[in-house]
Amino acid sequence: MVQLNRSVGIILVLIIGFVVQIIFSMADAVDSPNKAVVEFSKSYFLLDKSMTKRICKKQLASEDVDVVDEYLYSAAKTAGERGFDINFLKNKLYHIKTETISKNDTEAQIRITGKIRVAINSVYPVVARFFGIGSTHEVDEIIHVIKEDGKWKVCGKLFSLTSI
């Protein structure tokens with residue numbers, strides 16, 4: 001009898017955990033200006049081309065060249081001039097906080113703060129933080145976000161996207 005009660009308890013905990021996981025995943029699927037800024041910022045500092053998904057069409061079309069490709073090329077060139085691979089310029093953004101300064105149905109101003117640390121590979125930031133090596137830099141930017149095709153996208157000043 002005691003064994004049956006334990007089994008029921010374990011099954012009940014697993015079911016509750018599964019339901020909570022579904023609720024959290026549905027909440028995470030909702031797009032917001034803050035989520036757009038965080039996703040863009042993480043990709044930007046990791047020099048990941050996926051940042052293009054979160055940049056507005058106006059920003060991408062305003063130049064004769066692809067802004068993201070130009071930025072990544074510039075980063076690769078800068079790293080090459082220093083004798084490194086582009087991976088040495090990658091940074092991981094952490095301790096991220098966002099604050100909504102203003103928001104309406106189609107536009108928002110989001111302030112993002114956090115810290116960046118060199119992320120040569122996925123393990124490096126953890127090891128560097130654990131051993132206290134490497135420096136961190138503060139990030140504090142206000143980013144303009146617009147709703148475009150049903151998704152929030154960053155627009156305007158995008159850190160220093162056009163230069164390293």
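Everything numeric here is computed off the predicted structure, so don't read it as measured data.

**A closer look at the overall build of the chain**
Scanning the chain from terminus to terminus reveals 5 helices and 4 strands. For the chain, the sequential pattern of α-helices and β-strands runs α-α-α-α-β-β-α-β-β. What you see for the chain is a C-alpha radius of gyration of 21 Å, clearly larger than the 15 Å of a compact globule of 164 residues, by over 25%. With respect to the principal axes defined by its C-alpha atoms, the chain has extents near 75 × 45 × 25 Å. Sorting the 164 residues of the chain into buried and exposed places 29% on the buried side. Of the contacts made within the chain by residues no fewer than 6 positions apart, 59% connect residues no fewer than 24 positions apart.

**Some words on the sheet that holds strand E3 (residues 136-148)**
Strand pairing in a sheet is mediated by backbone hydrogen bonds. Such pairs are either parallel or antiparallel. The antiparallel open sheet is built from 4 strands, whose spatial order is E1-E2-E3-E4. On the outer flanks of this sheet lie strand E1 (91-103) and strand E4 (151-155), each paired with one strand and no other. If you compare each strand with its neighbour and ignore which way they point, the axes differ by 35° on average. Relative to E3, strand E2 (residues 107-118) is paired through 11 bridges, and the arrangement is antiparallel. From the neighbouring strand, Gly 114 faces E3, where its bridge partner is Val 139. Against the sheet, helix H2 (residues 33-45) touches E1, E2, E3 and E4, its axis set at about 150° to E1.

**Topic: unusual backbone geometry**
Excluding glycine, residues mostly have negative phi values, and the peptide bonds linking residues are mostly trans. We note that Leu 47 has phi near 55°; this positive angle belongs to a residue other than glycine. When you line up the elements, Leu 47 lands in the loop between H2 and helix H3 (57-61). For Leu 47, a relative accessible area of 10% corresponds to the buried category. Here Asp 149, not a glycine, exhibits a phi torsion of approximately 55°, which is positive. Following the sequence through the fold, Asp 149 ends up in the loop between E3 and E4.

**Details of the confidence of the model for the chain**
For the chain, the average pLDDT comes to 85, and 93% of its residues sit at 70 or higher. Considering each helix and strand of the chain separately, the mean pLDDT is smallest for helix H5 (residues 124-131), with a value of 78, and largest for H2, with 93.

**Re the nonpolar core**
Counting 27 residues, the largest nonpolar core has Phe 40, Met 51, Val 145, Val 154 and Phe 159 as its most contacted members. Contributing elements (two or more residues each) for this core: H2, helix H4 (67-81), E2, E3 and E4. If you tally residues by element for this core, the top one is H2, at 6 residues.

**Concerning the state of the cysteines**
This structure, assessed with the given rule, holds 1 disulfide. Two residues share a disulfide in this structure: Cys 56 and Cys 155, whose sulfurs sit 1.9 Å from each other. Between Cys 56 and Cys 155, the S-S dihedral sits near 60°, and the bridge is therefore right-handed. Remark: Cys 155 occurs in strand E4 and Cys 56 occurs in the loop between H2 and H3; sequence separation between them is 99 residues.

Conventions and cut-offs
Along each chain, residue indices are assigned from 1 in the same order as the chain's sequence is written. Totals for whole chains, interfaces and linings use every residue, but because this is a predicted model, local features are given only for residues with pLDDT of at least 70 and side-chain atom pairs only at 80 or more, for both listing and counting. The side-chain figures draw on all heavy atoms in the structure; neither hydrogens nor water molecules are used. Counting from the N terminus, the helices are DSSP H or I runs at least four residues long and the strands are E runs at least two residues long. Here the globule rule reads 2.2 Å times residues to the power 0.38, and the radius of gyration is calculated from C-alpha atoms. Under the scheme applied here, a residue whose accessible area is under 20% of the maximum for its type counts as buried, over 50% as exposed, and between as partly exposed, the area being computed with a 1.4 Å probe on protein chains only. Two residues qualify as a contact provided that any one of their heavy atoms is within 4.5 Å of a heavy atom in the partner residue. At least two DSSP bridges between two strands are needed for those strands to be called paired. Helix axes are fitted to C-alpha atoms over the stretch in contact, other axes to C-alpha atoms as well, and angles between N-to-C directions run from 0 to 180 degrees. A residue's pLDDT is the predictor's confidence in that residue, given on a scale from 0 to 100. Note on terminology: a nonpolar core comprises buried Ala, Val, Leu, Ile, Met, Phe, Trp, Tyr and Cys residues joined through side-chain atoms within 4.5 Å. Working definition: a disulfide is two cysteine sulfur atoms within 2.5 Å of each other.

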